[in-house]
Amino acid sequence: MILRCLHAVRRFIPHCPALCRDAVSKRSLVKIPELLYSARASARGLSKMSLWPFSVSPWDFSQPNASWNAEMQEVYDRYNALCEVKAEETEKKPPWRKLPSYNRSLKYVTGGVYLSKIIQSKARLFTRNLKEHGAAFEYVVFMNKQEKRCVCLFQAGHLLEGPPGYVHGGAIATMIDTVTGTLAGYLVGPVMTANLNINYRSPVPLGSVVVLHGALDRIEGKKVFVTCRMTSTDESKLHTEATALFITVGPQWNSFEVS
Ligand SMILES: CCCCCCCCCC(=O)SCCNC(=O)CCNC(=O)[C@H](O)C(C)(C)COP(=O)(O)OP(=O)(O)OC[C@H]1O[C@@H](n2cnc3c(N)ncnc32)[C@H](O)[C@@H]1OP(=O)(O)O
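Residues numbered from 1 in each chain as written. Predicted model: local features only at pLDDT ≥ 70, side-chain atom pairs only at ≥ 80, totals over all residues.

1. Quick look at the site of the ligand
Okay, step 1: Around the ligand sit 15 residues, and of these Gly181, Met192, Thr193, Ala194 and Ile247 come closest.
Okay, step 2: Counting only elements with at least two residues in the shell around the ligand, the list comes to helix H6 (169–188), strand S4 (191–200) and strand S7 (238–248).
Okay, step 3: By residue class, the composition of the shell around the ligand is six nonpolar, six polar and three charged. (Near = placed C-beta within 6 Å. Helix = DSSP H or I, 4+ residues; strand = E, 2+ residues; numbered from the N terminus. Nonpolar A, V, L, I, M, F, W, Y, C, P; charged D, E, K, R; others polar.)

In structure tokens form, the structure reads like this:
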């Protein structure tokens, strides 16, 4: 019955052929709630067509999914609870905020260079380009703007193998770039990575969960210096230390203020 419904969705919503292909070919009952959610999102997307050039069916990859192990879920719950806690005295907004994560939030942002329509339509954020949950980069970023720092929970999937049984150093660098870049971008606006300096202290077992702690070091004109440590979830083990330099790009760079 559910599969028949999905066939019907496929017929009437040509914008989600991949979704229905997955549903019909894999016939996975586990995925059906997710697929139905996606189908609803796609249907909602149809009504958003007038908002072009914004993406019509954004999927928030920062939401928990079935691939998360118990440790990832536990640490997520802990930080997510902080997002509900208001500053006691002032009753202002909670200092922590979970950031949503999309694989392409704007359809046609080319950075000013020419990109063919095919490239533009297929472009996806590197860390969010797989449909299979848990295979590669599972992560969520919590931001604390007041303290100019962030925390990222990262579960390293099996496709990120480097040395047998351990995470590839490039995948670790990718996550550090992502976390530090997200923090810099959140604080000052669009940035590009100019320098990334990484010390690998202890290997990260494949499938394990680690925490990346990003913090603003200083800002000098266009230059934003950020530090990052990757640790075990209880912070007893240091996996990686890094410093990153970002350069603000765009016209607003000399008018921002970080208080
Ligand atoms: C929604 C999801 C968000 C996910 C976040 C992901 C974040 C990922 C970010 C990236 O991966 S970006 C891709 C990788 N990076 C690049 O491709 C950047 C390539 N390089 C450039 O485009 C330019 O070199 C750059 C924009 C970084 C700088 O060019 P500018 O012409 O704007 O800088 P300029 O040469 O005016 O230098 C400005 C200052 O920065 C300094 N600087 C520039 N590059 C440097 C460098 N590499 N090392 C040290 N200092 C550097 C430079 O000396 C100078 O210092 P002073 O102001 O003190 O004189």
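Next comes the rest of the account.
2. Comments concerning the confidence of the model for the chain
The predicted coordinates of low-pLDDT regions are not to be read in fine detail.
Okay, step 1: For the chain, per-residue confidence averages 80 on the pLDDT scale, and 69% of positions sit at 70 or higher.
Okay, step 2: The model gives residues 253–259 a pLDDT under 50, and that stretch makes eight contacts with residues more than four places away or in other chains.
Okay, step 3: Our summary of model confidence lists the complex with pTM equal to 0.80 and ipTM equal to 0.97. (pLDDT = per-residue confidence, 0-100. Contact = placed C-beta atoms within 7 Å.)

3. Considering the UniProt feature "domain: Thioesterase" (unreviewed entry) in the chain
Okay, step 1: Following the UniProt record, the feature "domain: Thioesterase" (unreviewed entry) maps to residues 165–235 here.
Okay, step 2: When the span residues 165–235 is considered, its composition is 28% helix and 45% strand, and the gap between its end C-alpha atoms is 21 Å. (UniProt positions renumbered as here; feature names shortened; annotations may be inferred.)

4. Description of the pairing of strand S2 (residues 137–144)
Remark: a regular strand shows side chains that alternate across the two faces of the sheet.
Okay, step 1: In terms of burial, S2 is largely enclosed, as seven of its eight residues are buried.
Okay, step 2: Across eight bridges, S2 lies against strand S3 (residues 149–156) in antiparallel orientation. By the bridge assignment, Phe137 is partnered in S3 with Ala156. (Buried ≥ 20, exposed ≤ 12 C-beta atoms within 10 Å, placed from the backbone. Pairing = 2+ DSSP bridges.)

5. Details of helix H4 (residues 70–82)
Given 3.6 residues per helical turn, the α-helix brings residues three or four places apart onto the same face.
Okay, step 1: Helix length check: H4, at 13 residues, gives a terminal C-alpha distance of 19 Å against a target of 18 Å (1.5 Å per residue), a fit within 8%.
Okay, step 2: Here H4 has its buried residues at Met72, Val75 and Tyr76. Seen from one end, H4 has its buried residues packed into an arc of 105°, which puts them on one side. Opposite the packed face of H4, turned more than 90 degrees from it, sit the exposed residues Ala70, Asp77, Arg78 and Ala81.
Okay, step 3: Residues of H4 that are buried make contact with S2, S3 and strand S5 (209–220). (Expected span 1.5 Å × (residues − 1). Arc of directions from axis to C-beta.)

6. Structural notes on the environment of Met192
Okay, step 1: Among the secondary structure elements, Met192 is positioned in strand S4.
Okay, step 2: For the pair Met192 and Gly157, spaced 35 residues apart in sequence, the C-alpha separation works out to 27 Å.
Okay, step 3: Non-local contacts of Met192, meaning those with residues more than four positions away in its chain, are made with Phe246, Ile247 and Val249.

7. Comments concerning the sheet that holds S5
Okay, step 1: A sheet is described by the order of its strands in space; here seven strands give the open sequence S1-S2-S3-S5-S6-S7-S4, paired in antiparallel fashion. Across the chains shown, the open sheet's two edge strands, defined by having one partner strand only, are strand S1 (96–98) and S4. Along the sheet, successive strands turn relative to each other by an average axial angle of 20°, direction set aside.
Okay, step 2: Sheet analysis places S4 next to S7, joined by nine bridges and oriented antiparallel. Opposite Thr193, over in S7, you have Phe246 as the bridge partner.
Okay, step 3: Across the sheet, H4 touches S1, S2, S3 and S5, and the angle it forms with S3 is around 160°.
Okay, step 4: Of the strands in this sheet, S2, S3, S4, S5, strand S6 (223–232) and S7 touch H6, which is tilted by about 135° from S4. (Axes fitted to C-alpha atoms, helices over the stretch in contact; angles between N-to-C directions.)

8. Some details on H6
Okay, step 1: With 20 residues, H6 ought to run about 28 Å at 1.5 Å a step, and its terminal C-alpha atoms sit 28 Å apart, in line with that.
Okay, step 2: The complete set of buried residues in H6 reads Ala171, Ile172, Met175, Ile176, Thr178, Val179, Thr180, Leu183, Ala184, Leu187 and Val188.
Okay, step 3: Gly189 lies just past H6 and shows a positive phi near 100°.

9. Re the environment of Asn129
Okay, step 1: Along the chain, Asn129 falls in the loop between helix H5 (117–122) and S2.
Okay, step 2: A tally of 13 C-beta atoms within 10 Å means that Asn129 is categorised as partly exposed.
Okay, step 3: For the pair formed by Asn129 and Tyr102, sequence separation is 27 residues and the distance between their alpha carbons is 9.7 Å.
Okay, step 4: The residues touching Asn129, leaving out its near neighbours within four places in the chain, are Asn103 and Arg124.

10. Concerning unusual backbone geometry
Okay, step 1: Located in the positive-phi region is Lys148, a residue other than glycine, with phi close to 55°.
Okay, step 2: Structurally, Lys148 is set in the loop between S2 and S3.
Okay, step 3: One non-glycine residue, Glu235, lies in the positive phi region at around 65°.
Okay, step 4: Within the secondary structure, Glu235 sits in the loop between S6 and S7.

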